[in-house]
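# Coordinates in review
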Amino acid sequence: METKKLAVIETLAEGLKIGLKNLPSLILATLLWVLTIWIPYLNVGTTIAMQTIPGRLAKGEIISPLFIFESKYRRDIAGFLLLFAFVSFTTYMAGLFMLIPAIVVSYALSLAFYIFVDEDVNAIEALRLSNKATYGNKWNLFFIGMMYLLLVVAVTAVLVALTYKVTWLCVLICIALTLVFVAAGLGIDAVIYNELYLKEKASNEPAAE
């Protein structure tokens, strides 16, 4: 079966649209997550919850910022940390063969956390499904990431240049932009997750009789 290619421009455009559409909820969820950094046990749970956002957005769900405090996400801590260890170690080992293999591996495993929390599978299965879903699209994922990064740098540079004489305003703009770009990034991840995993999964499921 032919590998589905991810459209770079369309993915960015749709992702930005989804992120901006859900901007208030995503910003509040991100701020609440930041506040939990000082509480390690709670923060692991909220971090796991944040990984569910792309899947929720991909399915058209309405995001409630307070959902990150639900206790069910803290039940997945052991599996989440195991997955984190697998991803980190695999990427590190690939890095021993220089930068490019590490980048390739990072894209291959980029959907693992979303699949882990969305499908309720174990860490190994999440890695396998992510590698399968991203096969043939690593260059597309690279270009999407680079174009998003260039957009962030360009917009930030222009606004900072316009306000650099007003220090407090420059700081506020940088903080606001960071939150907006986080929301936009979650929207882009939602589109990638939907196109490479959810739609492919749906197409492989047997039709109901």
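Residues numbered from 1 in each chain as written. Predicted model: local features only at pLDDT ≥ 70, side-chain atom pairs only at ≥ 80, totals over all residues. Heavy atoms only, no water.

### Considering the nonpolar core
One recurring pattern in soluble globular proteins is that nonpolar side chains are buried together. The biggest cluster of nonpolar side chains holds 57 residues, and the ones touching the most others in it are Ile 53, Leu 57, Leu 83, Leu 111, Ile 192 and Tyr 197. If you tally residues by element for this core, the top one is helix α10 (residues 167-204), at 15 residues. Other than its neighbours up to four places away in sequence, Ile 192 contacts Leu 6, Thr 11, Leu 111, Leu 141, Ile 144 and Tyr 197. (Core = buried A, V, L, I, M, F, W, Y, C linked by side-chain atoms within 4.5 Å. Buried < 20%, exposed > 50% of the residue type's maximum accessible area, 1.4 Å probe, protein only. Helix = DSSP H or I, 4+ residues; strand = E, 2+ residues; numbered from the N terminus. Contact = heavy atoms within 4.5 Å.)

### Topic: the environment of Val 87
If you trace the backbone, Val 87 turns up in helix α5 (residues 77-95). A relative accessible area of 13% means that Val 87 is categorised as buried. Beyond its immediate stretch of four places on either side in the chain, Val 87 contacts Leu 109, Phe 113 and Leu 127.

### A look at the packing of α5 against helix α6 (residues 99-108)
In contact at an axis separation of 7 Å, α5 and α6 are set at 155 degrees when each is read in the N-to-C sense. With respect to α6, the element α5 is oriented roughly antiparallel. Crossing handedness for the pair α5 and α6: right-handed. Contacts between α5 and α6 involve Thr 90, Thr 91, Ala 94 and Gly 95 from the first element and Pro 101, Ala 102 and Val 105 from the second. Each residue belonging to the contact of α5 with α6 can be placed in one class, and the counts come to four nonpolar, three polar and no charged. (Axes fitted to C-alpha atoms, helices over the stretch in contact; angles between N-to-C directions. Parallel < 35°, antiparallel > 145°, perpendicular 65-115°, else oblique. Left-handed = near helix turned anticlockwise from the far one by under 90°. Nonpolar A, V, L, I, M, F, W, Y, C, P; charged D, E, K, R; others polar.)

### Looking at helix α3 (residues 40-50)
Three or four residues apart is the spacing at which side chains of an α-helix point the same way, because the helix has 3.6 residues per turn. With respect to burial, α3 is a largely interior element, eight of its 11 residues being buried. Every buried residue belonging to α3 is among Leu 42, Asn 43, Gly 45, Thr 46, Thr 47, Ile 48, Ala 49 and Met 50, and all of these are buried. Against the buried residues of α3 lie α2 (23-35), α4 (53-58), α5 and α7 (112-119).

### A few points about α6
Turning to α6, its buried residues are Ala 102, Val 105, Tyr 107 and Ala 108. Among the structural elements, α5, α8 (123-134) and α9 (138-163) are those in contact with the buried residues of α6.

### Regarding the packing of aromatic side chains
Counting across every chain of the model gives eight aromatic pairs. Taking 5.3 Å as the distance between ring centres and 50 degrees as the angle between the ring planes, the aromatic pair formed by Phe 80 and Phe 113 counts as tilted. Separated by 33 residues along the polypeptide, Phe 80 in helix α5 and Phe 113 in helix α7 bring together distant segments of the chain. With centroids separated by 5.5 Å and ring planes inclined at 25 degrees, the aromatic side chains of Tyr 193 and Tyr 197 adopt a geometry described as stacked. Here Tyr 193 and its partner Tyr 197 are both found in helix α10, four residues apart, which amounts to about one turn of the helix. A single burial state applies to Tyr 193 and to Tyr 197, both of which are buried. Grouping aromatic residues by their ring pairs yields a cluster made of Tyr 114, Tyr 193 and Tyr 197. Sitting over the face of the ring of Phe 67, Arg 56 holds its NZ or CZ atom 4.1 Å from the ring centroid. (Phe/Tyr/Trp six-rings, centres within 6.5 Å; stacked < 30°, edge-to-face > 60°. Lys NZ or Arg CZ within 6 Å of the ring centre and 35° of its normal.)

### Description of the layout of surface pockets
There is about 570 Å³ of room inside the largest pocket. What lines the largest pocket is a set of 22 residues, among which Ser 110, Tyr 114, Gly 185, Leu 186 and Asp 189 lie closest to the centre. Where the lining of the largest pocket is concerned, the elements lending two or more residues are α2, α3, α6, α9 and α10. A total of seven residues in the lining of the largest pocket trace back to one element, the largest contributor, which is α10. For the lining of the largest pocket, the class distribution of residues is 14 nonpolar, seven polar and one charged. (1 Å grid on protein atoms, 1.4 Å probe; cavity = no way out; pocket = protein on both sides within 12 Å on 5 of 7 lines; lining within 4 Å. Points joined across faces, edges and corners; volume = space filled by probe spheres on them.)

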